[in-house]
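Working through the structure, step by step
Okay, here's what each chain looks like letter by letter:
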Amino acid sequence: MDKKSHPYIPTLLGQLNEGAISRRDFLRRSTLLGLSATAAYAMAGMVDPSTSAKAENLPKGGNLRIGMRCMEIKDPHLADFAEKSNVVRQVCEYLTITDRNNITHPYLLEKWDVSDDLKTWTLHIRKDVKWRKGRPLTADDVVWNLKRVCDPKVGSSMLGLFTGYLVEEFATGEKDDKGNPKKSSRLWSEKAIEKVDDHTVRLNTSSPQIAVAEHLFHYPMFILDPEENGSFGAGANGTGPFEIVEYTVGKGAKYKARTDYWGDGPYVDTFEFVDLGDSPGAGIAAMASKQVDGLSEADAVQINSMKAFPHVAVYKVETTQTIVARMHPDVDQFKDKRVRQAMRHAIDRDKVIQTVLLGAGTPAEDHHVAPSHPEYAALPKYGRDIDKAKKLLADAGFPDGFEYDMVTRPDPIWELNTAQALAEQFKDIGIKVNIKSLPSAQYWEVWTDAPFSLTAWGHRPLAIMTLGLAYRSNAAWNESHFSNAEFDTLLTQAEGILDPKERSKVMAKIESIMQDEGPIVQPFWRIFSTVMDKKVKGFDLHPSQYIFAHNYAVATA
């Protein structure tokens with residue numbers, strides 16, 4: 001073992017040998033602490049799958065086409081959907097990568113070191129990486145990107161992840177139109193993000209944080225060329241395997257492979273995303289006619305239609321992908337927490353799963369922490385209880401229920417189907433939901449503003465990541481406008497606890513807050529699936545819906 005390895009790793013190894021933790025748990029925790037995946041797999045008595053994958057003899061050349069919505073990208077650091085990040089990811093890259101097994105590896109980094117107290121993270125940047133336009137990747141580039149996403153004027157969701165250890169909130173001295181003090185964010189110290197030398201950056205955090213390496217793999221945490229100042233489009237500079245040569249919102253993106261890429265691949269000469277629109281039937285037709293070689297996502301109904309196609313392979317992976325019906329607590333109808341509780345008690349989750357997902361899901365518990373998350377705490381279960389829900393509504397001043405609009409979008413179709421299934425069940429407690437299905441482009445414009453809306457949330461390997469993004473006060477992706485000081489304090493506390501069993505004790509309190517006064521109804525966790533033509537080789541379905549086109553190849557025969 002490296003003399004500089006984190007001192008907790010021998011403890012983890014002891015727990016592994018005693019059978020107290022699984023091999024997977026050992027791999028996840030030891031790599032987060034900076035142990036290389038190769039060393040971690042060796043200690044666990046396993047072969048690093050990335051090593052064996054490199055030995056695969058993939059065909060070279062050709063064009064690959066994947067069907068996916070192509071949205072407007074105002075700034076890669078603002079990417080708020082997997083589709084947007086997929087477009088950028090072929091050109092710009094992350095410092096780390098979390099694989100489909102939730103093991104985090106260095107990417108643009110050679111490695112990282114973590115201090116014993118989890119407050120000093122030293123990032124060692126690869127020395128063999130060059131931007132497409134020729135100059136080497138440096139620490140100055142990384143510092144610029146990290147500081148930029150911490151600037152509240154940019155508006156990146158990274159601010160929510162970094163708040164509590166790199167970023168702090170402060171009172172501006174001004175008041176809003178309701179007379180409340182205005183707050184803003186800033187780096188907690190001038191040395192919070194520090195250049196050590198040309199290839200080393202140090203993060204000096206204000207509090208312990210276990211998830212730094214996984215935060216660096218979040219949708220918008222691309223390393224961009226500072227000279228382009230957040231712009232993106234055809235010709236954008238990047239360190240990634242492709243050059244983007246054409247991008248048209250609602251139509252598609254076209255890429256050309258780099259011949260001087262620093263990493264493995266790309267195997268294809270050219271790559272395309274093809275926008276097939278909102279209709280789920282369009283994806284089926286495109287696969288049937290071989291207009292595309294795969295889809296970025298296919299729901300259970302689409303899979304049922306395509307699994308009999310002789311040229312199509314189906315891919316599935318268990319994820320923490322979910323959907324939430326979230327309510328703004330500052331709206332009259334949802335202000336009383338008993339209304340939000342009633343909405344939760346109105347739902348028969350098993351029925352929704354069967355109706356919407358054809359059984360391809362598991363019941364959720366309204367706190368956005370999945371049983372597969374290492375810090376999950378099991379709370380007492382509760383099922384549908386119409387009488388209790390009606391009493392809660394009556395006690396909150398709505399004995400006859402009420403009527404309200406729910407905003408959603410038609411694509412992917414399982415989102416709209418979920419809205420319809422929930423609306424049917426809300427009827428039974430006297431709440432009439434009018435579904436407003438907006439074209440995707442319009443939905444994205446009002447995503448965080450609609451008082452009652454349905455939103456799908458992607459997979460994250462740690463619950464503390466999702467909670468920091470979606471429910472921490474003032475976070476950019478806090479679509480529900482939820483704000484709870486005790487929740488924020490507990491979340492910051494949980495983020496600094498290394499042992500998942502100890503972290504789950506804090507998580508139990510967080511989950512209880514969410515079930516008692518939280519802003520969401522969460523019906524299920526979803527098994528994510530898609531399809532590829534069997535001629536596509538090297539494809540590995542990532543639970544975060546991430547596309548890594550440089551790893552894929554196309555067989556010619």
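Residues numbered from 1 in each chain as written. Predicted model: local features only at pLDDT ≥ 70, side-chain atom pairs only at ≥ 80, totals over all residues. Heavy atoms only, no water.

Looking at an unreviewed UniProt entry, the chain carries the name ABC transporter substrate-binding protein, with the source organism given as Mesorhizobium shangrilense. UniProt, in the comment section headed Subcellular location (unreviewed entry), describes the chain in these words: "Periplasm". (UniProt positions renumbered as here; feature names shortened; annotations may be inferred.)

1. Quick word on the nonpolar core
Soluble globular proteins tend to bury their nonpolar side chains together. Counting 126 residues, the largest nonpolar core has Leu146, Phe162, Val201, Phe271 and Phe273 as the members making the most contacts within it. The leading source of residues in this core is helix α16 (residues 463-470), at six residues. In contact with Phe162, other than residues within four places in its own chain, are Leu146, Val149, Cys150, Val167, His215, Leu216 and Met221. (Core = buried A, V, L, I, M, F, W, Y, C linked by side-chain atoms within 4.5 Å. Buried < 20%, exposed > 50% of the residue type's maximum accessible area, 1.4 Å probe, protein only. Helix = DSSP H or I, 4+ residues; strand = E, 2+ residues; numbered from the N terminus. Contact = heavy atoms within 4.5 Å.)

2. Quick look at the side chain of His218
Note on placement: His218 falls in the loop between α8 (212-215) and β10 (242-248). The exposure class assigned to His218 is buried, which follows from its relative accessible area of 2%. Here the side chain of His218 touches Ser157 through a polar contact of 3.1 Å, side chain to side chain. If sequence neighbours within four positions are ignored, His218 has contacts with Tyr94, Ser157, Met158, Leu161, Arg460, Leu469, Trp477 and Tyr546. (Polar contact = N/O pair within 3.5 Å; in protein donor to acceptor, adjacent residues only side chain to side chain.)

3. Overview of the side chain of Gln15
Among the structural elements, Gln15 can be located in helix α1 (residues 9-17). Beyond its immediate stretch of four places on either side in the chain, Gln15 contacts Tyr8, Ala20, Ile21 and Arg29.

4. Overview of the UniProt feature "domain: Solute-binding protein family" (unreviewed entry) in the chain
The positions UniProt marks with the feature "domain: Solute-binding protein family" (unreviewed entry) are residues 105-459. This span, residues 105-459, is 24% helix and 28% strand, and a straight line between its end C-alpha atoms measures 17 Å.

5. Brief notes about the layout of surface pockets
If you add up the space inside the second largest pocket, you get close to 860 Å³. What lines the second largest pocket is a set of 25 residues, among which Glu169, Lys183, Ser473, Asn474 and Ala475 lie closest to the centre. Considering every element that reaches the lining of the second largest pocket, the biggest residue donor is strand β7 (residues 181-187), with five residues. By residue class, the composition of the lining of the second largest pocket is six nonpolar, 11 polar and eight charged. (1 Å grid on protein atoms, 1.4 Å probe; cavity = no way out; pocket = protein on both sides within 12 Å on 5 of 7 lines; lining within 4 Å. Points joined across faces, edges and corners; volume = space filled by probe spheres on them. Nonpolar A, V, L, I, M, F, W, Y, C, P; charged D, E, K, R; others polar.)

6. Let's talk about the packing of helix α12 (residues 349-357) against helix α14 (residues 413-427)
Running from N to C, α12 and α14 cross one another at 145°; their axes reach a closest spacing of 9 Å. Viewed along their axes, α12 and α14 form a crossing whose handedness is right-handed. Mapping the contact onto sequence places Lys351, Val352, Val356 and Leu357 in α12 and Trp414, Asn417, Thr418, Ala421, Leu422 and Gln425 in α14. For the contact of α12 with α14, the class distribution of residues is six nonpolar, three polar and one charged. (Axes fitted to C-alpha atoms, helices over the stretch in contact; angles between N-to-C directions. Left-handed = near helix turned anticlockwise from the far one by under 90°.)

7. With respect to the sheet that holds strand β5 (residues 120-125)
Here four strands make up an open sheet; going across it, the order is β4-β5-β9-β8 and the pairing antiparallel. The strands lining the two open edges of the sheet, one partner per strand, are β4 (109-114) and β8 (193-197). Shown here is a sheet whose adjacent strand axes are inclined to one another by a mean of 20°, direction ignored. Each of β5, β8 and β9 (200-204) touches helix α6 (residues 139-149); the most contacted strand, β8, lies at about 175° to it. (Pairing = 2+ DSSP bridges.)

8. Observations regarding the packing of helix α11 (residues 337-345) against helix α13 (residues 386-395)
When two helices pack together, their arrangement is captured by the angle between the axes and the distance separating the axes. At a minimum axis distance of 8 Å, the contact between α11 and α13 shows a crossing angle of 165°. Taken together, the axis directions place α11 and α13 in an arrangement best described as roughly antiparallel. α11 and α13 meet at a crossing whose hand is left-handed. Between α11 and α13, the contacting residues are Arg338, Val339, Gln341, Ala342 and His345 on the first element and Ile386, Lys388, Ala389, Leu392, Leu393 and Asp395 on the second. Of the residues assigned to the contact of α11 with α13, the class counts are six nonpolar, two polar and three charged. (Parallel < 35°, antiparallel > 145°, perpendicular 65-115°, else oblique.)

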